[in-house]
Amino acid sequence: MFGNAAIQSVPRTGIGMDVAHRAMVRKEQKMPRNIIKSFVVAALATVFAWQAQAADRTKVKLAEVVRSQLYVPMYVALNKGFAAEEGLDVDLVTANGGDRAGALVLSGQADFALAGPEVPIYIFNGESPDKPLIFSALTATDGFFLASRTKIDKFEWSMLNGKKIIGFRPGSTPGLYLEYVMKQRGVDPATIASIITNIAIPARDGAWASGTGDFAIFIEPNLTRLERAGQAHVITSIGKEVGRADYTVFFAKKSWLEKNAVTAQKWTNAIARAQKWTASASPKEIAEAIAPYFPGLTLEDNEAVVTRYRNAGVPIWASSTIVDPAGLALAQEIMVTGGTLPADKKVAYDKIVTTDYAEKAQQKFAQK
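A short tour of the structure in this document, coming up. What you see is a predicted model; the values in this text were computed from it and never measured.

1. A word on helix 5 (residues 98-106)
In an α-helix, one turn spans 3.6 residues; hence positions three or four apart end up facing the same way.
Moving on, step 1. Listed in full, the buried residues belonging to helix 5 are Gly98, Ala101, Gly102 and Val105. Mapping the buried residues of helix 5 onto a view down its axis gives an arc of 100°, with all of them on the same face.
Moving on, step 2. Those residues of helix 5 hidden inside the fold are in contact with strand 3 (112-115), helix 6 (118-124) and strand 9 (248-253).
Moving on, step 3. Phi turns positive one or two residues past the end of helix 5, at Gly108, with a value near 80°.

2. Description of the sheet that holds strand 7 (residues 215-218)
Moving on, step 1. In space, the four strands of this open sheet follow the order 6-7-5-8, with mixed pairing throughout. Across the chains shown, the open sheet's two edge strands, defined by having one partner strand only, are strand 6 (165-166) and strand 8 (233-237).
Moving on, step 2. For strand 5 (residues 145-148) and strand 8, the ladder comprises four bridges, and the chain directions are antiparallel. Bridge pairing links Leu146 to Thr236 in strand 8.

3. Overview of the packing of helix 14 (residues 283-290) against helix 15 (residues 299-310)
Moving on, step 1. The geometry of helix 14 relative to helix 15 is characterised by a closest axis approach of 8 Å and an angle of 120° between their N-to-C directions. Comparing their axes, helix 15 and helix 14 come out oblique. Handedness of the crossing formed by helix 14 with helix 15: right-handed. Facing helix 14, whose interface residues are Pro283, Lys284, Ile286, Ala287, Glu288 and Ile290, helix 15 presents Leu299, Asn302, Glu303, Val306, Thr307 and Arg310.
Moving on, step 2. The residue makeup of the contact of helix 14 with helix 15, split by class, is six nonpolar, two polar and four charged.

4. Observations concerning the layout of surface pockets
Moving on, step 1. Space inside the largest pocket adds up to approximately 230 Å³.
Moving on, step 2. In terms of lining, the largest pocket is formed by 15 residues, of which the most central are Val66, Arg67, Asn96, Ile201 and Asn222.
Moving on, step 3. Elements represented by at least two residues in the lining of the largest pocket include exactly helix 9 (204-209) and helix 10 (222-228).
Moving on, step 4. For the lining of the largest pocket, a count of residues per class yields eight nonpolar, three polar and four charged.

Criteria and thresholds
- Residues numbered from 1 in each chain as written.
- Predicted model: local features only at pLDDT ≥ 70, side-chain atom pairs only at ≥ 80, totals over all residues.
- Heavy atoms only, no water.
- Buried < 20%, exposed > 50% of the residue type's maximum accessible area, 1.4 Å probe, protein only.
- Helix = DSSP H or I, 4+ residues; strand = E, 2+ residues; numbered from the N terminus.
- Arc of directions from axis to C-beta.
- Contact = heavy atoms within 4.5 Å.
- Pairing = 2+ DSSP bridges.
- Axes fitted to C-alpha atoms, helices over the stretch in contact; angles between N-to-C directions.
- Parallel < 35°, antiparallel > 145°, perpendicular 65-115°, else oblique.
- Left-handed = near helix turned anticlockwise from the far one by under 90°.
- Nonpolar A, V, L, I, M, F, W, Y, C, P; charged D, E, K, R; others polar.
- 1 Å grid on protein atoms, 1.4 Å probe; cavity = no way out; pocket = protein on both sides within 12 Å on 5 of 7 lines; lining within 4 Å.
- Points joined across faces, edges and corners; volume = space filled by probe spheres on them.

Next up, the structure:
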């Protein structure tokens with residue numbers, strides 16, 4: 001570009017000027033080649049160095065239940081290079097469902113997964129001889145928000161009575177937590193029993209936009225998209241209504257953890273570091289860090305989402321990789337209340353959770 005610009009600036013009138021022009025052409029053509037050659041050599045050196053580093057990293061496949069800013073610390077760990085600095089090359093896949101995330105882990109198609117604690121608990125109580133273990137916390141409570149089709153200035157839970165409500169897949173954490181809150185707030189049992197639960201995750205926004213339901217629960221970034229389109233109005237955070245109840249966790253099969261303890265520790269370290277970074281970062285800094293995972297949203301949209309989560313009225317993101325015993329106990333109580341877990345099938349904390357990795361990660365980063 002520099003050579004062409006210089007050529008165009010040389011006057012091309014007269015024989016003398018033609019000679020000068022040809023000399024300038026030769027000079028300008030030669031200089032870019034030298035510059036380009038230097039750039040190519042430097043670029044190749046960078047690529048080879050990166051490939052050498054990447055070859056030394058441990059490749060792992062992680063299945064996330066859905067793609068959402070609810071999992072901000074995980075995306076921070078990936079995009080800020082925390083996982084790479086721990087020596088991990090992470091292949092992130094979106095399962096679009098806790099049951100699917102669990103199936104990927106059981107079948108060996110994913111090394112570990114991020115989903116609600118109900119998934120490893122269901123598997124633990126199932127027939128699989130290779131029991132799952134939760135090894136790191138990520139979120140501290142429900143990240144969904146109750147929304148209405150029309151704006152409500154003063155909301156009362158009784159307003160849900162007799163209305164159609166879009167919930168979530170039966171037995172999932174979003175569905176269970178919504179039902180739990182509705183029961184706690186005295187909503188009519190018939191209304192709770194008629195919650196719409198058969199809409200696939202990718203189809204929920206479209207169903208709402210087409211007129212299905214009077215109320216619904218939405219997670220980010222879906223809520224922001226609908227809100228910006230004037231199709232949804234936020235009422236309250238389900239997490240605020242519930243309080244601390246571990247909502248999404250990292251889990252793997254016990255056999256995988258036994259063989260890959262170092263890898264599990266590295267990932268937990270990356271999450272602990274990301275949690276610490278996220279706690280002190282501004283909404284704009286966080287929005288910039290997670291932007292590659294949400295290409296359909298503007299930086300301003302991501303910043304608004306982060307701000308919404310921070311102002312939800314309760315900590316949405318866990319401040320530690322250690323799963324909170326009381327939080328897991330409440331999560332199981334919610335499952336019992338929802339009828340998906342018999343009371344005598346509750347799993348003891350030390351049977352479903354290993355704190356080895358989380359405790360080491362917290363010790364490591366508490367000193368920094």
